[in-house]
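Take a look at the letters that make up each chain.
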Amino acid sequence: MTSSQITVALVDDQPLFRSGIRMLIDSQEDMRFIGEASDGVAAVSLAKALKPDVMLMDVRMPGQDGLESTKQIVASGSATRILVLTTFDLDEAVARAVGAGASGFLLKDADPEFLLAAVRTVATGAEVFAAQATADLIRRYSAAVPATRAVPERYTTLTEREREMFALASRGLSNGEIARQEFLSEATVKTHISRVLAKLGLRDRVQLVVFAYEHGLN
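None of the values given here were measured: they were computed from a predicted structure.

Calculation notes
- Sequence order as written defines the numbering, with residues in each chain counted from 1.
- Only residues with pLDDT of at least 70 are given local features in this predicted model, and only at 80 or more are side-chain atom pairs given and counted; all residues enter the totals for whole chains, interfaces and linings.
- As a rule here, side-chain values cover all heavy atoms of the structure and leave hydrogens and water aside.
- Secondary structure elements follow DSSP: runs of H or I no shorter than four residues count as helices, runs of E no shorter than two count as strands, and numbering proceeds from the N terminus.
- Buried means the residue's accessible area, taken with a 1.4 Å probe over protein chains only, is under 20% of the maximum for its type, while exposed means over 50%, and partly exposed covers the values in between.
- Here, residues are in contact when the closest pair of their heavy atoms is within 4.5 Å.
- Where accessible areas are quoted, they stem from the Shrake-Rupley method and a 1.4 Å probe; at the residue level, only the protein chains shown are allowed to cover.
- Here an axis means a line fitted to C-alpha atoms, over the contact stretch when the element is a helix, while the angle between two N-to-C directions is reported on a 0 to 180 degree scale.
- Note on terminology: angles under 35 degrees are roughly parallel, angles over 145 are roughly antiparallel, angles of 65 to 115 are roughly perpendicular, and the others are oblique.
- By the definition used in this description, the sense in which the near helix is turned from the far one sets the handedness, with an anticlockwise turn below a right angle giving left-handed and a clockwise turn giving right-handed.
- Amino acids outside the nonpolar list (Ala, Val, Leu, Ile, Met, Phe, Trp, Tyr, Cys, Pro) and the charged list (Asp, Glu, Lys, Arg) are all regarded as polar, and Gly is one of them.
- Pairing between two strands is assigned when DSSP locates at least 2 bridges connecting them.
- By convention, a crossover is right-handed whenever its connection, traced from the first strand over the helix to the second and viewed with the strands pointing away, goes clockwise.
- By nonpolar core is meant a set of buried Ala, Val, Leu, Ile, Met, Phe, Trp, Tyr and Cys residues that side-chain atoms within 4.5 Å join together.
- Every case where a carboxyl oxygen of Asp or Glu lies within 4 Å of a side-chain nitrogen of Lys or Arg is listed as a salt bridge.

Caption draft 1: Highlighting the overall build of the protein. The helix and strand tally for the protein stands at 10 helices and 5 strands. Counting every position in the protein, which comprises 218 residues, the buried fraction comes to 49%. Put simply, of all contacts in the protein between residues at least 6 apart along the chain, 68% involve residues at least 24 apart. When the accessible surface of the protein is summed, it comes to about 10,400 Å², and 53% of that surface belongs to carbon and sulfur atoms.

Set out below in structure tokens:
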């Protein structure tokens, strides 16, 4: 064990799936599997007690599902990053989980190497999929996140340039794509996006896309 290890927890109601993921995580030198749960209620307690860096969360479980558990964990102020696991791509439940604060989603049949890369990426505070995938997900199931159309006061604190960056990011453009379009360096774009997230109180670009759709700013 090293201090640089990424701590990982898993929530899924299928014992065989949990066993496979546990072995996969434990086979990595830079990761440590620290706990598992089989239902949503236990997931919340697990996050509070063990504070994993990353929690893999099945979105569909008997009783309290992964959506409600994600809401509760994020609302508690936990620093744990949540990766939602789903059987179906562009699932409405996943759209809701992303809106609730999940940092991304993975298909359950994803290649092991992709899952490991996703855990590493999310642990750094980034997303595990292209912003466009998020935009497509929320666009397809925007009805799952009712738009208030009321522009929050904190949005008005953005400068004109920051609003431009917000608009481009909400459409699913990457930092590189924005940089090329606006003739800026990627470092400058990253700085602008970081300021936008801070002013809006959002954790990452995933929530930025959701925020845009919730308030009709896309």
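Right, picking up where we left off after that structure.
Caption draft 2: The arrangement of the packing of helix α2 (residues 40–50) against helix α3 (residues 66–75) in detail. The interhelical angle for the contact between α2 and α3, taken along N-to-C directions, is 20°, at an axis separation of 8 Å. By the angle between their axes, α2 is roughly parallel relative to α3. As α2 runs across α3, the sense of the crossing is right-handed. Taking contact as the criterion, the partners of G40, V41, A43, V44 and A47 in α2 are, on α3, S69, Q72 and I73. Grouping the constituent residues of the contact of α2 with α3 by class yields 5 nonpolar, 3 polar and no charged.

Caption draft 3: Representation of the pairing of strand β4 (residues 81–86). For β4, a buried count of 6 out of 6 residues is recorded, marking the element as mostly surrounded by other parts of the structure. Judged from the 5 bridges that link them, strand β3 (residues 54–58) and β4 form a sheet pairing that is parallel. When the bridges of β4 are listed, M57 appears paired with V84. Assessed by its sense of winding, the connection that carries the chain from β3 through α3 to β4 is right-handed. Sheet topology note: the β4/strand β5 (residues 104–107) ladder contains 4 bridges and is parallel.

Caption draft 4: Spotlight on the nonpolar core. Of all hydrophobic cores here, the largest spans 24 residues; its most connected members are V11, M55, M57, I73, I82 and V84. Secondary-structure elements contributing two or more residues to this core are β1 (6–11), α2, β3, α3, β4, α4 (92–100) and α10 (205–214). If you tally residues by element for this core, the top one is α4, at 5 residues.

Caption draft 5: Seen up close, the environment of S76. With respect to the helices and strands, the residue S76 is situated in the loop between α3 and β4. Along the sequence, S76 and K48 sit 28 residues apart, while their C-alpha atoms lie 8.8 Å from each other.

Caption draft 6: Just the sheet that holds strand β2 (residues 31–37), in detail. Spatially, β2-β1-β3-β4-β5 is the arrangement adopted by the 5 strands of the open sheet, whose pairing is parallel. If you trace the sheet from one side to the other, it starts and ends with β2 and β5, each paired once. Across the sheet, the axes of successive neighbouring strands diverge by a mean angle of 25°, strand direction being ignored. Sheet strands in contact with α3 are β3 and β4, and its direction is about 150° off that of β3. On the sheet, helix α5 (residues 112–123) packs against β1, β2, β3, β4 and β5 and is oriented at approximately 125° with respect to β3.

Caption draft 7: Molecular detail of the pattern of salt bridges. If you walk through the whole model with that rule in mind, you get 8 salt bridges. When the shortest N-O distance is used, the salt bridge between R22 and E36 registers 2.4 Å. Highlighted residues: R22 in helix α1 (residues 15–26) and E36 in strand β2, separated in sequence by 14 residues. Judged by relative accessible area, which is 28%, R22 ranks as partly exposed. One salt bridge connects E164 with R161, and the closest N-O pair in it is separated by 2.5 Å. Within this pair, E164 and its partner R161 are both found in helix α7 (residues 160–170), separated by 3 residues, close to a single helical turn.

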